[in-house]
Each structure stands twice: as C-alpha cells, then as structure tokens.
Amino acid sequence: MDNPDAFNGRLAHYGSFRGVRNHIALVGPAGPGLDEACGYYGERLVLLAQAVGLNTCWVAMTFSKKASEARVAPGEKYSLCIAVGHGETSGAAHKVKPAEKLFQATGAAPAWFAAGVEAARLAPTAMNQQRFRFDLGEDGSTVRAVALPAISCGKVDLGIAKLHFELGANAVSNDWRFA
Ligand SMILES: Cc1cc2nc3c(=O)[nH]c(=O)nc-3n(C[C@H](O)[C@H](O)[C@H](O)COP(=O)(O)O)c2cc1C
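Cut-offs and rules
Residues numbered from 1 in each chain as written. Predicted model: local features only at pLDDT ≥ 70, side-chain atom pairs only at ≥ 80, totals over all residues. Heavy atoms only, no water. Near = heavy atom within 4 Å. Polar contact = N/O pair within 3.5 Å; in protein donor to acceptor, adjacent residues only side chain to side chain. Areas by Shrake-Rupley, 256 points an atom, 1.4 Å probe, with all protein chains shown as cover. 1 Å grid on protein atoms, 1.4 Å probe; cavity = no way out; pocket = protein on both sides within 12 Å on 5 of 7 lines; lining within 4 Å. Sits in = over half its atoms within 2 Å of the grid points. Helix = DSSP H or I, 4+ residues; strand = E, 2+ residues; numbered from the N terminus. Salt bridge = Lys/Arg side-chain N within 4 Å of Asp/Glu carboxyl O. Buried < 20%, exposed > 50% of the residue type's maximum accessible area, 1.4 Å probe, protein only. Pairing = 2+ DSSP bridges. Contact = heavy atoms within 4.5 Å. Axes fitted to C-alpha atoms, helices over the stretch in contact; angles between N-to-C directions.

Peer 1: Could you clarify how one ought to interpret the site of the ligand in this entry?
Peer 2: Neighbouring residues of the ligand: 20 residues in total, closest Trp58, Ala60, Met61, Thr62 and His94. The backbone of Trp58 places a nitrogen or oxygen atom 3.1 Å from a nitrogen atom of the ligand. The backbone of Thr125 places a nitrogen or oxygen atom 3.4 Å from an oxygen atom of the ligand. Here the ligand loses 76% of its free accessible area of 610 Å² to cover by the protein chains. Mapping the ligand onto the cavity grids shows that it belongs to the largest pocket. Only strand S2 (55–59) and helix H4 (154–170) provide two or more residues apiece to the shell around the ligand.

Peer 1: Even after reading the chapter, I still don't get the pattern of salt bridges, so can you show me in this structure?
Peer 2: Note on pairing: side chains with opposite charge can pair once their charged atoms come close. In total, this model carries seven salt bridges according to the counting rule given. Put simply, Arg18 and Glu88 hold a salt bridge, and the shortest N to O gap is 3.4 Å. Residue Arg18 is located in the loop between helix H1 (10–14) and strand S1 (22–29), and its partner Glu88 is located in the loop between strand S3 (76–85) and strand S4 (103–104); the two are separated by 70 residues in the primary sequence. In this structure Glu88 comes out as exposed when scored by relative accessible area, which is 72%. The partner of Lys162 in a salt bridge is Glu36, and the shortest N-O contact between them spans 2.9 Å.

Peer 1: Help me understand the sheet that holds S4 in this model?
Peer 2: Within a sheet, neighbouring strands are paired by backbone hydrogen bonds and run either parallel or antiparallel to one another. One open sheet holds the four strands; their spatial order is S4-S5-S6-S7, and the pairing between them is mixed. The strands lining the two open edges of the sheet, one partner per strand, are S4 and strand S7 (177–178). Helix H3 (residues 111–121) rests against S4, strand S5 (132–136) and strand S6 (142–147) of the sheet, and its axis sits at about 175° to S5. Where H4 meets the sheet, it contacts S5, S6 and S7, and its direction lies at approximately 150° from that of S6.

Here's what the structure looks like:
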C-alpha cells in the first residue's frame, strides 16, 4: 500500500529506514499460531519479492502500526509487517551461527537435513538472534522445530526458519516431515 506515514516517525529512523512507501501488513486471527504463520507465509512473500528484483525488510518494532492503513477486524491481530521497495543496497551478509549450534541429531545427519539446516541458518531473524533449533527424530525422518527463548519475535523467526528449512531440505528429498 502507498502508505509512507507508517515509516515516517522517529521509530523508523531508529530502525534506519528512509523513504519506505510500501509495506505488507501481516494480520490474522488472534491466536497462538499467528506469529509463526506470519513468519512462514511472510517469508514466502519476501523470497518472491526478492526474486522479482525488489528489496524487503521484516519490521516488528520500528514502524507505526497506528499510521499503517492495514485493516484489522475484531478478533484479528496485527502481527508485524514487511517493508518492500528498492533498497539503496540489496543488503549485506551478516554473521551467522555455526550450523552445529542450530540442530540436534544422533549419528550422522542425512543430506536433506543438513541442507535444511543450512538454508535455515541463512534465514533472517529479529536482531539476528537465530534462537531456533531443528531436532532430527530417532526415526530419521521427523523434524521438530523448536523456538528457543528469545528477546522478541521468537515465533515469527521460527516460522521464517521453517520455510527456509523446508525449501533447503526439499531440494534434496521430500521424504521427511515436521513433527
Ligand atoms: C521478525 C523480524 C523482525 C524485525 N524487526 C525489525 C525492526 O523492527 N526494525 C529493524 O530495523 N529491523 C528489524 N528486523 C531486521 C533484522 O534486525 C535484521 O536486520 C535482518 O533480519 C538481517 O538482515 P540484514 O542484515 O540484511 O538487514 C527484523 C527482522 C525479523 C526477521
């Protein structure tokens, strides 16, 4: 939506945003699954936008929900948004944790699992916290995605990481599932 006001306040500058005209508001039925779903489906939009040459940034804190024109019906919650546009740069690589810190598996992990973890490792997280872990079940084909205690946005980050895991793992094998 053409709605620059949502990014015109002091908060937006704290988040070092300038000139953001458009954002995708992630709104849905209030409930325990909302934030993870917003992360999962929102990241699909992020990857699509990036693939067609746009730039994006997830934004939970440093914008004004009040000034956003998104409509929130009774029983719904405004989880967060994604700024979309043409960035001055396309972003820079940032430090990520070693893969060993992001999974648990007994014995050698299968190639699809390693590919999933690697893709999740490169996923954006709020304040680059990376507070998630993927655990491979004893059966060798079930994956439990765990949100570890985080300062904020832990569930959104988990949804984002799960989408990345799925895309990475499925490029090698579809013979697995989330618990
Ligand atoms: C769920 C989520 C919420 C975020 N909220 C904000 C925010 O409120 N303000 C901000 O400046 N950046 C926010 N970010 C951006 C991250 O802090 C971080 O910059 C980004 O994920 C890493 O990518 P980059 O290094 O390419 O910017 C958020 C990221 C995610 C995944």
